[in-house]
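# Survey of secondary and tertiary structure
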Amino acid sequence: MVARFSLLGPIFQLFMIVSGSFNSKFLHTDVFEELEMCKSIQYNFRISEITTFSLIDCGRRCLDDGDCRRFMYDKETKQCSLYESGEDCITGEDVNRKKCFRLLSVCTEVNCTRCPIGYYGDQCQHIIQDCSDGYQKSVAPQKSLLSFVQPKVNGVVLEVICLFKYGGLTEIIHRDALCKETDFNKTWNEYATGFGNAHGNYWLGLENIFNILQNHNRFKLSVEIIYDGYAGHLQGYYHHFNISSANDNYTISLGEFSDHAQGGPGNSLTNDTFSINDRPFSTYDRDFSNNDCPVRFNSGWWYLDDPVCSRANVNGRRPEVGVPFEATWHWQDNLGTRNEFDIINLRIYRD
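Presented here is a report on the structure given in the accompanying data block. Note that this is a predicted model, so its numbers are computed, not measured.

As a further point, take the state of the cysteines. Counted according to the given criterion, the structure contains 8 disulfides. Through a disulfide, Cys 58 is tied to Cys 80; the S-S separation comes to 2.0 Å. Because the torsion about its S-S bond is 80°, the bridge between Cys 58 and Cys 80 counts as right-handed. On the criterion of sequence distance, the pair formed by Cys 58 in helix H2 (residues 55-64) and Cys 80 in strand E5 (residues 79-83) is long-range, its members being 22 residues apart. For the residue pair Cys 58 and Cys 80, the accessibility class agrees, reading buried in each case. The disulfide bridge from Cys 107 ends at Cys 112, spanning 1.9 Å between sulfur atoms. Judged by the torsion about the S-S bond (80°), the Cys 107/Cys 112 disulfide is right-handed. Taking the relative accessible area as the measure of exposure, Cys 107 reaches 29% and is therefore partly exposed.

Spelled out as structure tokens, the structure:
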């Protein structure tokens, strides 16, 4: 009996040492329920999936993989999933079985060799302002990743979808039909601060967008619409995108529109008499449209002072029986009454 306890003592001490080291390397984050199909989008791709002995072993595998910055562990199956970026985890299974951890950093005595995506510096002490800033500083591989940004000095740190290509694009609206639906019929305050989840569908927030726009003299607004199982892929952009402050109701300003060379969605935002230029943002509880547009379109937007409201509704509902066309997501120029899309993305990037 004495020999048995003398053996367990060192094992217990070793476990405590490993656990302490584990807690200094990883931050315990949240697990959300999400549709299984949603996990197939690029920035949720697993680096690898293996069966491990324990949670600590799973963390060790993440530390050993030079690309891993997040992992999810299944307590029942011992399945260990490694990811390249992100804070939280999503699963189509029982969330209570899963544990999610984000790597804080990997550092030597001299400098850090692996920072969370968006952080940089010898000790990961700096953070990018937006995805264009990250592209210019080469903080990540040139692909879509979940990234941390801090648009305002000493301001809130956000998790966004970054496309670290083509100059670096920050997604301000992400709609994906493969993910759980997110209700975009929100209040003024919710549209100001942002809502949704960067793993699925989200709106970055007017105040966050405004703060990003203050960090460079000119930005473009990119529009991407994908439909028919990715067979249809349309892109275009507006030069000189800007919005004013909350004191001016986040009034929008858009420059000339250009379709992508390989096919674009058409100009639904500044087309002739239906231009939303110089229009304030409207929500159902703060409506500047004078035509009940937020209620009719079931979302917040820069609506016209006109019964037409807008020729686009990127924040609308997915089409379903009994829902009027104007309340569903659509982009009328080049697409007419089509409202069955796979993905709608609006991104901003430095011009």
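What follows covers the environment of Trp 329. For Trp 329, the position within the fold is in the loop between strand E21 (312-313) and strand E22 (330-331). Between the C-alpha atom of Trp 329 and that of Asn 339, which follows or precedes it by 10 residues, the distance is 5.8 Å. In contact with Trp 329, other than residues within four places in its own chain, are Arg 175, Ala 177, Asn 313, Val 314, Gly 316, Arg 317, Arg 318, Pro 319, Arg 338, Asn 339, Phe 341 and Ile 344. A polar contact of 3.0 Å, which involves the side chain of Trp 329, links it to the backbone oxygen of Asn 339.

Cut-offs and rules
- Residues numbered from 1 in each chain as written.
- Predicted model: local features only at pLDDT ≥ 70, side-chain atom pairs only at ≥ 80, totals over all residues.
- Heavy atoms only, no water.
- Disulfide = S-S within 2.5 Å.
- Helix = DSSP H or I, 4+ residues; strand = E, 2+ residues; numbered from the N terminus.
- Buried < 20%, exposed > 50% of the residue type's maximum accessible area, 1.4 Å probe, protein only.
- Contact = heavy atoms within 4.5 Å.
- Polar contact = N/O pair within 3.5 Å; in protein donor to acceptor, adjacent residues only side chain to side chain.

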